[in-house]
Amino acid sequence: MKKLISAILVIIFITAVFPISVFADEEEEPFSVQSPVAVIVNADTGTELYGKNADSTFFCGFLPRIMTCIMLVESGLDLSTEIVLTKEMMSNTHDKSSADLRSGDKISLYDLMKSAIVANSQEACIAIAVTLAGSVTDFVVNMNLRARDLGAENTTFTNVTGQYSTTSKQVTTAHDIVKICSHILTLDHIEDISNMRYTEIKVNGHSRSLYTKNFLVDKNSQYYSKKASGLAISGSNISGYSLVSIAVDKTMRIVCFAMNYDSLSTLYSEMSQMITFSLNEYSYRTLIQKNAPVLEVPVIYGKERDSITLVAEKTLTASMPSSVPDTSIEKELVVPDSVDAPIAKGTVLGTVTYSYDGRVYGSTNLVAQTDISLDVVESYSDAINAFFSNKYLLATVITVVVVVIFYSIILYVVNRKKMKKEQSKKRDRITKMPR
């Protein structure tokens, strides 16, 4: 009895000191955020690292302002050009920003862009729109066309200010936002401006200070993130808050988006988690380098060689979980069993696709590494051999030859009879001639 009690006490002690969870296989909780809509995408490759309701439509206040600045940069206008703000520009402004622009003010296009990005200035966006298109209405039409060009198929702009209303038909999706913001990384000015905690503009020749509302890039804020770089924030308790940010490390640039929080502190906190997750859990790796050899394929009638090396047409890179070893990445080849000479260098002869866990991370063509000319003698020799080794073709030829010979014999016999008959008639004529 004492031994039984002692055993029970030992079991209780072990259970208390080493919880059952230590011995059990613990499954890590997948990354998740509270936001009803969120997405993380590698801007350089387009690979999605995390997504949640990324194709659902919603209102986003900052996107029209970002799109307005894209249109300005792409217009090719000299951004140092100064314009005078008109009453028409200012009459459509619902909410004044800290830029405090007014009718009659003289300001450069570059400072208008800084006002739109750093101070969320509605009046600056209207001024840009009227300058570029003559009217806000015409500019919005152009915005929608450009959004389609960038692949934002589910985005509709109805204004340039991002002004919210319950009846607004201005909508977008998380996927469309990251497509547009990824495009920003290919342009000058916008990313750099969005990363400014503080900047100055000149209005009528006098300096005016602007401070960002994106606390992720503000070193004085408790929400500051060293890895964050821009881009935009907007919203209210009514429309919900939206935040898009770029995360940058040595190997990749990530675009993160989240929206519809009642609390800005929660939004900033979870955006920081998204940035940390994307940069820590994912690594940017090269799947294959351009011109790297992949495999050899036999060549038929090659003069110099009987095989050719296929190489990658381009370099493939991807953001993948850091825990995935290179040996676990699957490689699918689509190549012919053999190819016929002649072959020109760079000819596409197949493809290679890289995937992991059912997800495709990249694909590239496989091309000929060198030129290979045709061995004419070998090809003709094989053709002749093939010709005479084909029993059906040989039978056909023999049949034709027999028919020709038979026809020739008949023709010969017929002609011979005809000749004899002609000779006989000739003799008869000679005999009957008078002497």
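Residues numbered from 1 in each chain as written. Predicted model: local features only at pLDDT ≥ 70, side-chain atom pairs only at ≥ 80, totals over all residues. Heavy atoms only, no water.

Let us now look at helix 6 (residues 122-133). Its 12 residues place the ends of helix 6 17 Å apart at the C-alpha level, agreeing with the 16 Å of an ideal helix rising 1.5 Å per residue. Of all 12 residues in helix 6, 9 are buried, a share of seventy percent or more. Listed as buried for helix 6 are Gln122, Glu123, Ala124, Cys125, Ile126, Ala127, Ile128, Ala129 and Val130. Here the buried face of helix 6 lies against helix 3 (62-75), strand 3 (82-84), helix 4 (87-91), helix 5 (109-118) and helix 7 (136-149). A positive backbone phi angle near 90° is found at Gly134, which sits one or two residues after helix 6. (Helix = DSSP H or I, 4+ residues; strand = E, 2+ residues; numbered from the N terminus. Expected span 1.5 Å × (residues − 1). Buried < 20%, exposed > 50% of the residue type's maximum accessible area, 1.4 Å probe, protein only. Contact = heavy atoms within 4.5 Å.)

Attention now goes to unusual backbone geometry. A negative phi angle characterises most non-glycine residues, just as the trans form characterises most peptide bonds. Cis geometry marks the peptide bond from Gly230 to Leu231; its omega dihedral reads 10°. Residue Pro342 follows Ala341 across a cis peptide bond; omega there is 5°. Within the secondary structure, Pro342 sits in the loop between strand 15 (339-340) and strand 16 (348-356). Its identity is not glycine, yet Asn53 carries a phi of approximately 50°, on the positive side. Summarising the element assignment, Asn53 is placed in the loop between strand 2 (48-52) and helix 3.

With that settled, the discussion passes to the packing of aromatic side chains. Scanning all chains against the criterion turns up 9 aromatic pairs. Ring geometry for Phe59 and Tyr164: centres 4.8 Å apart, planes at 65°, overall edge-to-face. With Phe59 in the loop between strand 2 and helix 3 and Tyr164 in the loop between helix 7 and helix 8 (174-184), this residue pair connects regions lying 105 residues apart in the sequence. According to the relative accessible area criterion, Phe59 is buried, its value standing at 13%. The exposure class assigned to Tyr164 is partly exposed, which follows from its relative accessible area of 31%. Between Tyr198 and Tyr211 the ring centres are 5.0 Å apart and the planes differ by 45°, which places this aromatic pair in the tilted class. Of this pair, Tyr198 sits in strand 5 (residues 198-203) while Tyr211 sits in strand 6 (residues 206-211), and the two are 13 residues apart along the sequence. The structure contains a cluster of three or more aromatic residues connected by ring pairs, namely Phe31, Tyr50, Phe277 and Tyr282. (Phe/Tyr/Trp six-rings, centres within 6.5 Å; stacked < 30°, edge-to-face > 60°.)

In space, the 5 strands of this open sheet follow the order 2-1-9-8-7, with antiparallel pairing throughout. Every other strand in the sheet has two partners, leaving strand 2 and strand 7 (228-236) as the edge strands with one partner each. Strand-to-strand, the axes of this sheet are offset by a mean angle of 10°, without reference to chain direction. Pairing geometry for strand 1 (residues 37-42) and strand 9 (residues 253-261), over 6 bridges, is antiparallel. Bridge assignment links Val41 to a residue of strand 9, and that residue is Val255. Against the sheet, helix 3 engages strand 7, strand 8 (240-248) and strand 9, with an angle of about 130° to strand 7. Its contacts with the sheet put helix 8 on strand 1, strand 2, strand 7, strand 8 and strand 9, and the angle it makes with strand 9 is roughly 140°. (Pairing = 2+ DSSP bridges. Axes fitted to C-alpha atoms, helices over the stretch in contact; angles between N-to-C directions.)

Note that all results are geometric; they support no functional claim without further evidence.
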